[in-house]
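# Residue-level structural notes
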Amino acid sequence: MNSGFFITFEGTEGSGKTTQIHRLTEDLTKAEHRVKMTREPGGTDIGDQIRTILLDVDNSQLSPTSELMLYAASRAQHVGQKIIPALKTGGIVVSDRFADASVAYQGYGRELDLTLIQQLNTMATNGLQPDLTFLLDLPIEIGLQRATTSRDNLDRIERETLEFHRRVRTGYLAVAAAEPDRVQVVNATQSVDEIYQQIWSITQVRLPTKALA
C-alpha cells in the first residue's frame, strides 16, 4: 500500500526519545531523504486538541476507557491525515509513539483488555504497522527523575504511580519480545551519543534500497 518507510520511537517517561528523533530526522534529511517528523498523541490540529485533554493534569477524572478512546481517535486522524499520505509519496515518517503505546499504557498500565486494544488499534491505523520501532528502555526510577529534572511541570500521565509506570515498561518489553524483528530495544541508560550510534547503525541497515537512493 505504501512506498515509504515508517519508523516509530517508544519508551517510558524520560527515555530520551525526543532527542534521538530530532537527531535521526536531521541526519536523514542531510542524506537527502524526504522525512516527516511527527508525534502521538497529536500530529494534526485535531490530534493536538485531543492531546491537550489527555495530558491536562486537571483531567484527573478521565476514565481509562475514555483515555483509550481518545488516543485511538487521535491516532486515526494522525494516520489518515499525515502518516499514510507521506508514506504514499515514498517519504520516511518518524513518529514519537504509535500504536504500541496504547498496548503499553492502556493495556498494561491501565490493565484494560488487550484484545480490545488490538482491535481499536487496527481500526485506528487502518492496519498500518511501523517498519521499524526503537524501544528506548531504562529503569522507571531513572526515567522519571530525568523527566522531573528536565521540565517544570509533569503532565497527567507522567504523574502516575511508580507501579503504573512499571507495568507500562513491562508492556513495552512484552511487545518487543513478541516482535523482535520490528522492535529494536536500545539501552537508554547509555550516553546520548552511544544510543544514537546504535539507532543510526540499525536504521542504515534496515532502510530499503529505494530509500537509500
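Let me sum up the structure you'll find in this document. Counting of residues starts from 1 at the beginning of each chain's written sequence and follows it residue by residue. With the structure being a predicted model, the display of local features is reserved for residues of pLDDT at least 70 and the display and counting of side-chain atom pairs for 80 or more, all residues being used for whole-chain, interface and lining totals. Excluding hydrogens and water, the side-chain values take into account all heavy atoms of the structure.

Below, the discussion takes up the overall build of the protein. Helix and strand assignments follow DSSP, with helices taken as H or I runs no shorter than four residues and strands as E runs no shorter than two, numbered in order from the N terminus. Per the secondary structure count, the protein includes 9 helices and 5 strands. Listing each helix as α and each strand as β along the protein from the N terminus yields β-α-β-α-α-β-α-α-β-α-α-β-α-α. The C-alpha atoms of the protein give 16 Å as radius of gyration, which agrees with the globular expectation for 213 residues (17 Å, within 12%). Taken along its principal axes, the extent of the C-alpha atoms in the protein is 50 × 35 × 30 Å. Counting the 213 residues in the protein, one finds 47% classified as buried. Working rule for contacts: check all heavy atoms of both residues, and any pair within 4.5 Å makes them a contact. Within the protein, residue pairs in contact and separated by at least 24 positions form 78% of the contacts whose partners lie at least 6 positions apart. Only the protein chains shown count as cover for residues, with accessible areas throughout obtained via the Shrake-Rupley method and a probe of 1.4 Å. When the accessible surface of the protein is totalled, it reaches about 10200 Å², and 51% of it is carbon and sulfur. Treating the 22 positive side-chain charges of the protein as one cloud and the 27 negative ones as another, the clouds have centres 3 Å apart. Here the globule rule reads 2.2 Å times residues to the power 0.38, and the radius of gyration is calculated from C-alpha atoms. Each residue is assigned to one of three classes by its accessible area relative to the maximum for its type, calculated with a 1.4 Å probe on protein chains only: buried under 20%, partly exposed between the two thresholds, exposed over 50%. When charges are counted, Lys and Arg are positive and Asp and Glu negative, with His and the chain ends excluded. Note that the charge is assigned to NZ on lysines, CZ on arginines, CG on aspartates and CD on glutamates.

Looking now at the packing of helix α1 (residues 17-30) against helix α8 (residues 192-206). With axes taken as lines fitted to C-alpha atoms, and helix axes fitted only over the stretch in contact, angles between N-to-C directions fall between 0 and 180 degrees. Between α1 and α8, the shortest axis-to-axis distance is 10 Å and the interhelical angle comes to 45°. Put simply, α1 runs oblique to α8. Like other packed secondary-structure pairs, α1 and α8 cross with a definite hand, here right-handed. Counted together, Thr19, Gln20, Arg23, Leu24, Asp27 and Leu28 of α1 and Val192, Asp193, Ile195, Tyr196, Ile199, Trp200 and Thr203 of α8 form the full contact between these two elements. All amino acids are sorted into three groups, where Ala, Val, Leu, Ile, Met, Phe, Trp, Tyr, Cys and Pro are nonpolar, Asp, Glu, Lys and Arg are charged, and the leftover types, Gly among them, are polar. Partitioned by chemical class, the residues of the contact of α1 with α8 number 7 nonpolar, 3 polar and 3 charged. Angle categories are assigned with fixed cut-offs, so that under 35 degrees is roughly parallel, over 145 is roughly antiparallel, 65 to 115 is roughly perpendicular, and the rest are oblique. Here a crossing is taken to be left-handed if its near helix is turned anticlockwise relative to the far helix by less than a right angle, and right-handed if that turn runs clockwise.

The next thing to look at is the sheet that holds strand β3 (residues 92-96). Note on pairing: two strands pair once DSSP finds at least 2 bridges between them. Judged by pairing direction, the sheet is parallel, and its 5 strands sit side by side in the order β2-β3-β1-β4-β5 without closing on themselves. Each of the sheet's edge strands pairs with one partner strand only, and the pair in question is β2 (35-39) and β5 (183-187). Across the sheet, the axes of successive neighbouring strands diverge by a mean angle of 20°, strand direction being ignored. Across 5 bridges, strand β1 (residues 5-11) lies against strand β4 (residues 132-137) in parallel orientation. Paired with Ile7 across the strands is Leu132, a residue of β4.

Moving on, we get to the pattern of salt bridges. A side-chain nitrogen of Lys or Arg and a carboxyl oxygen of Asp or Glu constitute a salt bridge if their distance falls within 4 Å. A full pass over the atoms with the stated rule returns 15 salt bridges. Arg97 is paired through a salt bridge with Glu10; the nearest N and O atoms lie 3.9 Å apart. One end of the pair, Arg97, is in the loop between β3 and α4 (99-109); the other, Glu10, is in strand β1, and 87 residues separate them in sequence. Exposure class is identical for Arg97 and Glu10. Each is buried. For Asp48, the salt bridge is made with Arg39, and the minimal N-O distance between the two is 3.7 Å. Judged by its relative accessible area of 36%, Arg39 is partly exposed.

All right, on to the pairing of β3 then. The element β3 is extensively covered by neighbouring structure, given that 5 of its 5 residues are classed as buried. Side chains of β3 alternate between two faces, with Ile92, Val94 and Asp96 and Val93 and Ser95 buried alike. Bridge count between β1 and β3: 5 bridges; the pairing is parallel. Paired with Phe5 across the strands is Ile92, a residue of β3. Alignment of β2 against β3, held across 5 bridges, turns out to be parallel. When the sheet's bridge partners are listed, Lys36 is paired in β3 with Val93.

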